[in-house]
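Chain and residue survey
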Amino acid sequence: METIQIPEKLKAHFLRLYQMAICDDDFSTQELKMLYKSAEERGISSKDLDEILLNPLNSKSLVPETVEEKVESLYDLTVMVWADGVVSENEYSTLEKYVTMFGFMEENTKDIVDYFIEAVKQGKTKTDILNDLKN
């Protein structure tokens, strides 16, 4: 069986998703399913995801660089937040931290978080959001 090399940035992304899922002290089955579904969509097996989660790396140094990568990451994080249909204070605060970590201006943080939450609630896709940003 061939071993797939998973890029460090992708590992960091899954660690952030996991951190988001557990930050409200209510790691729901919906959040767990979202995590594994997201991995599967990127060609990562359940076993490989387990390995990423059991052997974490320092994800702070591996932040998305392009606007597209940042949008994709924030979208996935917001989908994780909304998986159980509730946005807790901890989840909201954690999203704010990621927006700031990704290099957005601090005065825009709340608006960005609110936008992503509303977009996910409305069922927008990553592509929809990227198109919104271009217009």
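Structure report, in brief. All of these numbers come straight from a predicted model, not from anything done at the bench.

1. Comments concerning the environment of Lys134
- Positionally, Lys134 belongs in helix H7 (residues 126-134).
- Given the relative accessible area of 62%, Lys134 is considered exposed.
- In this structure the C-alpha to C-alpha distance between Lys134 and Glu118, which are 16 residues apart in sequence, comes to 18 Å.

2. Describing the packing of helix H1 (residues 8-22) against helix H3 (residues 46-54)
- One way to put it is that H1 packs onto H3 with a least axis distance of 10 Å and a crossing angle of 75 degrees. By the angle class used here, H1 and H3 are roughly perpendicular. Contacts between H1 and H3 involve Lys11, Phe14, Leu15 and Tyr18 on the former and, on the latter, Leu49, Ile52 and Leu53.
- Class assignment of the residues belonging to the contact of H1 with H3 gives a composition of six nonpolar, no polar and one charged.

3. Some thoughts on the packing of aromatic side chains
- Applying the stated rule across the entire model yields two aromatic pairs.
- Consider the rings of Tyr98 and Phe102, whose centres lie 6.1 Å apart with planes at 35 degrees: the pair is tilted.
- The exposure class assigned to Tyr98 is buried, which follows from its relative accessible area of 5%.
- Judged by relative accessible area, Phe102 falls into the buried class, the value being 2%.
- Ring geometry for Tyr115 and Phe116: centres 5.7 Å apart, planes at 85 degrees, overall edge-to-face.
- A relative accessible area of 29% means that Tyr115 is categorised as partly exposed.
- We classify Phe116 as buried; its relative accessible area is 6%.

Conventions and cut-offs
Residues numbered from 1 in each chain as written. Predicted model: local features only at pLDDT ≥ 70, side-chain atom pairs only at ≥ 80, totals over all residues. Heavy atoms only, no water. Helix = DSSP H or I, 4+ residues; strand = E, 2+ residues; numbered from the N terminus. Buried < 20%, exposed > 50% of the residue type's maximum accessible area, 1.4 Å probe, protein only. Axes fitted to C-alpha atoms, helices over the stretch in contact; angles between N-to-C directions. Parallel < 35°, antiparallel > 145°, perpendicular 65-115°, else oblique. Contact = heavy atoms within 4.5 Å. Nonpolar A, V, L, I, M, F, W, Y, C, P; charged D, E, K, R; others polar. Phe/Tyr/Trp six-rings, centres within 6.5 Å; stacked < 30°, edge-to-face > 60°.

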